[in-house]
Amino acid sequence: MKRIVSIQDISCLGRCSLTVALPVISTMGVECAVIPTAVLSAHTMFPDFTCCDLTDQILPIARHWQQQKVALDAIYTGYLASKEQVQQVCTFFDMMKGPQTAIIVDPAMADHGRLYAGFPSDFPAYMARLLPYAHVAIPNITEACLMTGTPYREEYDAAYIRQLLLDLTRLGAGRAVLTGVCLEPGRLGAMSYDSDTGAYFFYDNEKLPHTFHGTGDIFAATVSGALTRGLSLEQAMTMAVDFTLECIRSTDTQEIWYGVEFEKALPWLWQRLEALLKQQG
Ligand code: PXL
């Protein structure tokens, strides 16, 4: 069985980061090892959350795994709690990546034009240090703007998205995927750019009226699982757009802070992946 290590926080409540990555990646038939970067009582949209930083655990875990000769098919990073953690994750990449290890970076730190609570304004420049390691980077539009120094716009066209993708690869990512891209009323999807081939790819589906917390984490975990099972980036993105929509469709509540009820959609994900793998032989 393939193995991903996911490096991000564990928010004890609120369906994001590791509480999403673990079930999604497991459902996709991939082992999900974890390095929790911090333990929070709930994600940072909740007022008065508690946070226990685990920066001092990252490198001891890496050293132990090195001694044990642990092989990683993919390293998937998400929310990191401090600038120091970014530096340690770079060291982790250097220590643990092998010739076959895919590095997938979701620079989860901002949305809707703003950084999440608790991050200093120069944090995106630190997060961008992960991009030269990334085979695939998966930011949303806000995160891409902050890392590339592009003014954030609510209204944009395909040329704006293509430029952001190009700039992300200029910062070092091999392939970049922008999430939350709306190029037509009532549609939402993701666009990618491959710096090796110069090819762009776009896939969208229905846009539902509610936006929920944690859907970016669902998307990135699904792409990570699908790539690790051997699907192409285009297949992985298509599956992630459709699964994220399926999760939102499955959600009865309007309590957006509690995330999407992805638990109900996991059988859909399993079936879709198995059918695709079977079809490919
Ligand atoms: O969903 C991204 C995320 C992950 N982890 C923490 C967060 C957020 C978004 O707010 O606060 C702790």
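Structure: above.
As the structure is a computational prediction, the values presented were derived from the model and not from experiment.

1. Regarding the site of the ligand
Close contacts around the ligand come from Asp9, Ser11, Cys16, Ser17, Leu40, His43, Thr44, Met45, Tyr79, Tyr116, His213 and Asp217, and that covers them all. Here a nitrogen atom of the ligand and a side-chain polar atom of Asp9 are 2.8 Å apart. In this structure, Asp217 approaches the ligand through a side-chain N or O atom, which is 2.7 Å from an oxygen atom. Starting from 310 Å² of accessible surface for the ligand in isolation, the protein chains cover 99%. For the shell around the ligand, the class distribution of residues is 5 nonpolar, 5 polar and 2 charged.

2. Points about the environment of Gln279
Among the structural elements, Gln279 can be located in helix 9 (residues 266-280). Classification of Gln279 by relative accessible area gives exposed; the value is 66%.

3. Some details on unusual backbone geometry
At Lys69, a residue that is not glycine, the phi angle is positive and equals roughly 55 degrees. Locating Lys69 in the fold gives a position in the loop between helix 2 (55-67) and strand 4 (74-77). A residue is classified by how much of its surface remains accessible, and Lys69, at 71% relative accessible area, is exposed. Phi is positive for His112, close to 50 degrees, though the residue is something other than glycine.

4. Some points on the packing of helix 1 (residues 18-27) against helix 7 (residues 215-228)
In contact at an axis separation of 9 Å, helix 1 and helix 7 are set at 35 degrees when each is read in the N-to-C sense. In this structure, helix 1 crosses over helix 7, and the sense of that crossing is right-handed. Across the interface between the two elements, Val20, Ala21, Val24 and Ile25 from helix 1 touch Asp217, Ile218, Ala221 and Thr222 from helix 7. Across the contact of helix 1 with helix 7, the residue classes break down as 6 nonpolar, 1 polar and 1 charged.

5. Details of the sheet that holds strand 9 (residues 175-181)
Strand order in the open sheet made by the 9 strands is 3-2-1-4-5-8-9-10-11, with mixed pairing throughout. The open sheet has two edge strands with one neighbour each: strand 3 (51-53) and strand 11 (199-206). Alignment of strand 1 (residues 3-11) against strand 2 (residues 31-40), held across 8 bridges, turns out to be parallel. Within strand 2, the position partnered with Ile7 by the bridge is Ile35. Across the sheet, helix 6 (residues 158-170) lies against strand 9, strand 10 (187-194) and strand 11, angled at about 145 degrees from strand 9, the strand it touches most.

Rules behind the numbers
- Residues numbered from 1 in each chain as written.
- Predicted model: local features only at pLDDT ≥ 70, side-chain atom pairs only at ≥ 80, totals over all residues.
- Heavy atoms only, no water.
- Near = heavy atom within 4 Å.
- Polar contact = N/O pair within 3.5 Å; in protein donor to acceptor, adjacent residues only side chain to side chain.
- Areas by Shrake-Rupley, 256 points an atom, 1.4 Å probe, with all protein chains shown as cover.
- Nonpolar A, V, L, I, M, F, W, Y, C, P; charged D, E, K, R; others polar.
- Helix = DSSP H or I, 4+ residues; strand = E, 2+ residues; numbered from the N terminus.
- Buried < 20%, exposed > 50% of the residue type's maximum accessible area, 1.4 Å probe, protein only.
- Axes fitted to C-alpha atoms, helices over the stretch in contact; angles between N-to-C directions.
- Left-handed = near helix turned anticlockwise from the far one by under 90°.
- Contact = heavy atoms within 4.5 Å.
- Pairing = 2+ DSSP bridges.

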